[in-house]
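# Structure assessment
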Amino acid sequence: MVMSGILTMFSGGFIWPIFAAYVRTEFNASLHLVGLAVSGYFLLRMLTEFPIGVLSDRTGPKMPLIAGRVLSVIGAFVSFQTKNVGVLIVARIVWGIGDASFFCIGTSYVSKLFSSEKRGRALGTFQAVEMIGNLLGQALGGYFADRYGLRMNFLASAIMTVTALVMVTFIKGTAQGPFKGSIASLMPSWGTIRQVMNRTVVVICLVNVVCMMINNGLLGTIMPIFSTENIGLSLSQYSLMVSLSTIGNITGNLVGGVLSDKVGRKKILIAGFVIGVLAISGLSVFRTLPTLLFAMFLMGMFWGTVYGAAPAYIADMVAPEIRGIGIGIYRTFFDLGGLIGPVIMSGIVGLFGGERGYLFSFYFCIILVVGLIALSMMLKEKKPTSVS
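This one's a predicted model, so the numbers in the text were calculated from it and none came from an experiment.

## Quick look at the overall build of the protein
Looking only at helices and strands, the protein features 15 helices and 0 strands. At 20 Å, the protein has a C-alpha radius of gyration in line with the 21 Å of a compact globule built from 388 residues. Overall, the protein is about 55 × 45 × 35 Å in size when its C-alpha atoms are taken along their principal axes. A fraction of 86% describes how many contacts in the protein between residues 6 or more apart in sequence connect residues 24 or more apart. Accessible area of the protein: about 14,800 Å², with a carbon and sulfur share of 70%. Computed over 28 positive and 14 negative side-chain charges, the inter-centroid distance for the protein is 5 Å.

## Here we look at the nonpolar core
Judged by nonpolar contacts, the single largest core of 118 residues is most densely connected at F19, I214, F273, I280 and L283. For this core, the element with the most residues is helix α10 (residues 199-231), which contributes 18 residues. Every residue in contact with F273, bar those within four places of it in the chain, is listed here: V207, C211, F302, V306, V369, L372, I373 and S376. By size, the runner-up hydrophobic cluster in this structure holds 6 residues, among which are F10, F14, M160 and A164.

## Details of the packing of aromatic side chains
Counted by the stated rule, this structure contains 18 aromatic pairs. Here the aromatic rings of F77 and F80 are separated by 6.0 Å at their centres, their planes lie at 50°, and the arrangement is tilted. On the criterion of helical spacing, the pair formed by F77 and F80 is a turn pair, its members being 3 residues apart in helix α5 (residues 62-81). Looking at F77, the relative accessible area reads 37%, which means it is partly exposed. On the basis of an interplanar angle of 40° and a centroid distance of 4.8 Å, the ring pair of F226 and Y358 is categorised as tilted. On the criterion of sequence distance, the pair formed by F226 in helix α10 and Y358 in helix α15 (residues 354-376) is long-range, its members being 132 residues apart. For Y358, a relative accessible area of 7% puts it in the buried group. Joined through ring pairs, the aromatic side chains of F19, Y22, F27, W95 and F154 make up one cluster. A cation over an aromatic ring shows up here: R92 above the ring of F19, its NZ or CZ 4.5 Å from the ring centre.

## Some details on the packing of helix α11 (residues 235-263) against helix α12 (residues 265-285)
Contact geometry of α11 with α12 gives a least axis separation of 7 Å together with a crossing angle of 135°. The orientation of α11 with respect to α12, classified from their angle, is oblique. Residues G256, L259, S260, D261 and V263 of α11 pack against R265, K267 and I268 of α12. Residues belonging to the contact of α11 with α12 are distributed by class as follows: 3 nonpolar, 2 polar and 3 charged.

## A few points about the pattern of salt bridges
One pass over the full model with this rule turns up 6 salt bridges. Between R24 and E229 there is a salt bridge, and its shortest N-O distance comes to 3.1 Å. Here R24 is found in helix α2 (residues 19-26), whereas its partner E229 is found in helix α10, with 205 residues between them in sequence. Its relative accessible area of 24% is what places R24 among the partly exposed residues. When its relative accessible area of 46% is taken as the criterion, E229 is described as partly exposed. With a shortest N-O distance of 3.4 Å, R151 and E26 are connected by a salt bridge. Taken together, the positions of R151 in the loop between α7 (116-148) and α8 (152-168) and E26 in helix α2 put the pair 125 residues apart, joining distant regions of the chain.

Calculation criteria
Residues numbered from 1 in each chain as written. Predicted model: local features only at pLDDT ≥ 70, side-chain atom pairs only at ≥ 80, totals over all residues. Heavy atoms only, no water. Helix = DSSP H or I, 4+ residues; strand = E, 2+ residues; numbered from the N terminus. Rg over C-alpha atoms; globule rule 2.2 N^0.38 Å. Contact = heavy atoms within 4.5 Å. Areas by Shrake-Rupley, 256 points an atom, 1.4 Å probe, with all protein chains shown as cover. Lys, Arg positive; Asp, Glu negative; His and termini not counted. Charge placed at Lys NZ, Arg CZ, Asp CG, Glu CD. Core = buried A, V, L, I, M, F, W, Y, C linked by side-chain atoms within 4.5 Å. Buried < 20%, exposed > 50% of the residue type's maximum accessible area, 1.4 Å probe, protein only. Phe/Tyr/Trp six-rings, centres within 6.5 Å; stacked < 30°, edge-to-face > 60°. Lys NZ or Arg CZ within 6 Å of the ring centre and 35° of its normal. Axes fitted to C-alpha atoms, helices over the stretch in contact; angles between N-to-C directions. Parallel < 35°, antiparallel > 145°, perpendicular 65-115°, else oblique. Nonpolar A, V, L, I, M, F, W, Y, C, P; charged D, E, K, R; others polar. Salt bridge = Lys/Arg side-chain N within 4 Å of Asp/Glu carboxyl O.

The following block contains the structure:
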């Protein structure tokens with residue numbers, strides 16, 4: 001899981017810093033179309049998290065993981081070949097479904113291997129190690145694009161995804177037999193959803209939406225264009241910024257996961273939100289590369305701290321036999337934020353125009369994170385136990 005996770009994240013990181021610029025330059029797209037293209041990755045992905053979580057509970061992780069890697073290979077290769085922005089969006093949709101399979105099943109699988117007093121550390125470590133692959137991909141993606149052209153990043157990503165596909169064939173997990181039933185039976189009943197959706201889970205899901213809106217909308221859509229077109233940075237310099245963000249993400253995952261086991265998940269989440277307010281404020285005023293690197297590191301700390309504690313929070317509050325569904329719900333809200341974030345942020349920039357529009361998108365994100373601090377005061381915690 002770790003090795004395939006590193007490769008999967010490397011592949012995604014190779015695309016992340018250059019995708020908005022790729023759509024902007026290769027397809028002569030408006031900012032609104034760039035936002036739609038970035039959102040395409042999450043368009044159907046959010047609808048597949050439920051059935052993927054249920055399927056993994058019923059059949060074990062191996063076959064859904066293999067199917068997901070196949071879809072990601074197809075998405076990456078079509079993204080490399082196409083000259084049509086509509087086909088690119090469809091390819092990203094397929095790619096997103098494939099990645100949903102890996103991340104949903106991987107999170108659920110690891111959470112089931114550890115008892116609650118070690119779960120935060122385990123999930124934080126697993127995600128931090130994955131982020132090493134993301135870091136390497138982001139660091140090299142901009143340089144690779146500057147040297148060989150933006151389109152070649154997608155071919156390289158497809159090759160890496162094929163390697164990850166081979167790796168997941170060695171995954172083992174408890175299977176309850178081949179799946180027998182209709183596609184509709186993969187969707188949990190309303191009664192099951194009510195078992196999962198207690199107040200704490202609802203709050204964490206809302207946290208997930210907002211954080212992904214900021215991550216995919218501000219960092220994935222607005223910052224690449226703002227940094228290169230308004231501040232005057234190169235793609236290589238922006239890739240370096242994203243790499244610092246990922247280093248912060250890795251640090252946040254490790255620290256957040258471990259400390260959430262020791263001092264409580266609620267305190268760690270709120271600490272992460274405070275860091276987020278400072279980071280976004282810095283991005284709104286800094287204009288030199290060193291200061292922007294510092295702000296991006298803090299952005300990574302913000303996201304990593306929250307992401308290290310949030311899934312452990314969900315796993316704590318959901319019974320083991322429906323934990324796959326719980327993670328599926330959590331991931332669905334994750335994808336919802338990734339879907340609407342680019343559209344909302346690009347809409348704000350387009351509405352107000354120029355540098356003022358970019359600044360208003362930063363201010364909007366600060367208001368959202370402050371709201372999360374207030375919302376998190378409602379959270380309750382379950383005392384860690386040695387039983388998973």
